[in-house]
Amino acid sequence: KAVAIDIEVFEGNKYYFGNINWAGNAKYTTEYLEKVLGIEKGNVFSELKLEKKLRGDGNSDDVSSIYLNDGYLTFNVDPVQTKIYGDTVDIEMRIYEGPQYTNNKITVKGNTITNDRVVLREIRTKPGEKFSKEQLIRTVREIGQLGNFDESKTVPTPKPNPADGTVDIEYTVEEKPSDQIELSGG
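This text gives an overview of the structure that appears in the document. (Residues numbered from 1 in each chain as written. Predicted model: local features only at pLDDT ≥ 70, side-chain atom pairs only at ≥ 80, totals over all residues. Heavy atoms only, no water.)

**Description of the side chain of glutamate 97**
Piece 1. Relative to the elements of secondary structure, glutamate 97 occurs in the loop between strand 3 (88-96) and strand 4 (102-109).
Piece 2. This buried residue, glutamate 97, is left without a salt bridge; lysine 27 holds the nearest opposite charge, at 8.2 Å.
Piece 3. A polar contact is formed between the side chain of glutamate 97 and the side chain of tyrosine 67, at a distance of 2.9 Å.
Piece 4. Those residues within four positions of glutamate 97 in sequence are excluded, and the remaining contacts are Gly24, Asn25, Ala26, Lys27, Tyr28, Tyr67, Tyr72, Thr74 and Phe75. (Helix = DSSP H or I, 4+ residues; strand = E, 2+ residues; numbered from the N terminus. Buried < 20%, exposed > 50% of the residue type's maximum accessible area, 1.4 Å probe, protein only. Lys, Arg positive; Asp, Glu negative; His and termini not counted. Salt bridge = Lys/Arg side-chain N within 4 Å of Asp/Glu carboxyl O. Polar contact = N/O pair within 3.5 Å; in protein donor to acceptor, adjacent residues only side chain to side chain. Contact = heavy atoms within 4.5 Å.)

See below:
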């Protein structure tokens, strides 16, 4: 009435990071990018760890965040395995910085009860300033703290205009039901 199954697993050899070279970086020095990356030659190779240190997990302590917080909206980094010898993997980080973008038009969509100016005063991404991912995230958090909107359904949508180096940002919000009335008298 029972079947026993034995599964043999062969994990293979353990690999390690070798030389990590950077190509295409003009804004930040190689030394600074290596420090932000935090991976050294001889560390155990992990694509998951590499991806987290390049594109982040929301803490703004990754390579992409330092560029995105400085206006480089079209920034991209592509890690390429250039050489594998023995148990060591050499990697080249190919960077495309692109132009710096400046905030242009900031709009709010979806607020039917709350006045636009109430929402706009909480927005940290101001027209004329450099685009910043950190300010975008902070704005979503502060709109949620107003108490009128569902923070999980607040979606910022950057719309870049490559011709003039600007970006329009549209915040789509969804209001929470507020069917209460409070009266007081004296």
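Following the structure, the description resumes.
**Here we look at the sheet that holds strand 5 (residues 155-161)**
Piece 1. Spatially, 4-6-5 is the arrangement adopted by the 3 strands of the open sheet, whose pairing is mixed. Either end of the sheet is taken by a strand with one partner, and the two such strands are strand 4 and strand 5. Between one strand axis and the next, the sheet turns through 20° on average, direction left out of account.
Piece 2. Here 6 bridges tie strand 4 to strand 6 (residues 166-172), and the two strands are oriented parallel to one another. Residue pairing across strands places threonine 107 opposite glutamate 170, the latter belonging to strand 6. (Pairing = 2+ DSSP bridges. Axes fitted to C-alpha atoms, helices over the stretch in contact; angles between N-to-C directions.)

**A look at the environment of glutamate 170**
Piece 1. With respect to the helices and strands, glutamate 170 occurs in strand 6.
Piece 2. Along the primary structure glutamate 170 and lysine 159 are separated by 11 residues, whereas in three dimensions their C-alpha atoms are 7.9 Å apart.
Piece 3. Beyond its immediate sequence surroundings of up to four residues, glutamate 170 is in contact with Thr107, Lys109, Val155, Pro156, Thr157 and Lys159.

**Some words on the sheet that holds strand 2 (residues 76-85)**
Piece 1. The strand order across the open sheet formed by 3 strands is 1-3-2, and the pairing between neighbours is mixed. Every other strand in the sheet has two partners, leaving strand 1 (16-23) and strand 2 as the edge strands with one partner each. Each strand axis lies, on average, 25° off the axis of its neighbour in the sheet, ignoring direction.
Piece 2. Across 9 bridges, strand 2 lies against strand 3 in antiparallel orientation. If you follow asparagine 76 over to strand 3, its bridge partner there is tyrosine 96.
Piece 3. Sheet contacts for helix 1 (residues 30-37): strand 1 and strand 3; angle to strand 1, the most-contacted strand, approximately 140°.

**Section: the packing of aromatic side chains**
Piece 1. In this structure the tally under the stated criterion is 5 aromatic pairs.
Piece 2. When the centroid spacing of 4.9 Å and the interplanar angle of 50° are considered together, the rings of phenylalanine 17 and phenylalanine 45 count as tilted. With phenylalanine 17 in strand 1 and phenylalanine 45 in the loop between helix 1 and helix 2 (47-55), this pair connects stretches of sequence that are 28 residues apart.
Piece 3. Here phenylalanine 17 falls in the buried class, since its relative accessible area comes to 1%.
Piece 4. In this structure an aromatic cluster arises from ring pairing among Tyr28, Tyr32, Tyr67, Tyr72 and Phe75.
Piece 5. The positively charged end of lysine 27 is found above the aromatic ring belonging to tyrosine 28, 5.9 Å away from the centroid. (Phe/Tyr/Trp six-rings, centres within 6.5 Å; stacked < 30°, edge-to-face > 60°. Lys NZ or Arg CZ within 6 Å of the ring centre and 35° of its normal.)

**Remarks on the side chain of threonine 88**
Piece 1. Structurally, the position occupied by threonine 88 is in strand 3.
Piece 2. Apart from residues lying up to four places away in sequence, threonine 88 is in contact with Tyr15, Tyr16, Phe17, Gly18 and Lys83.

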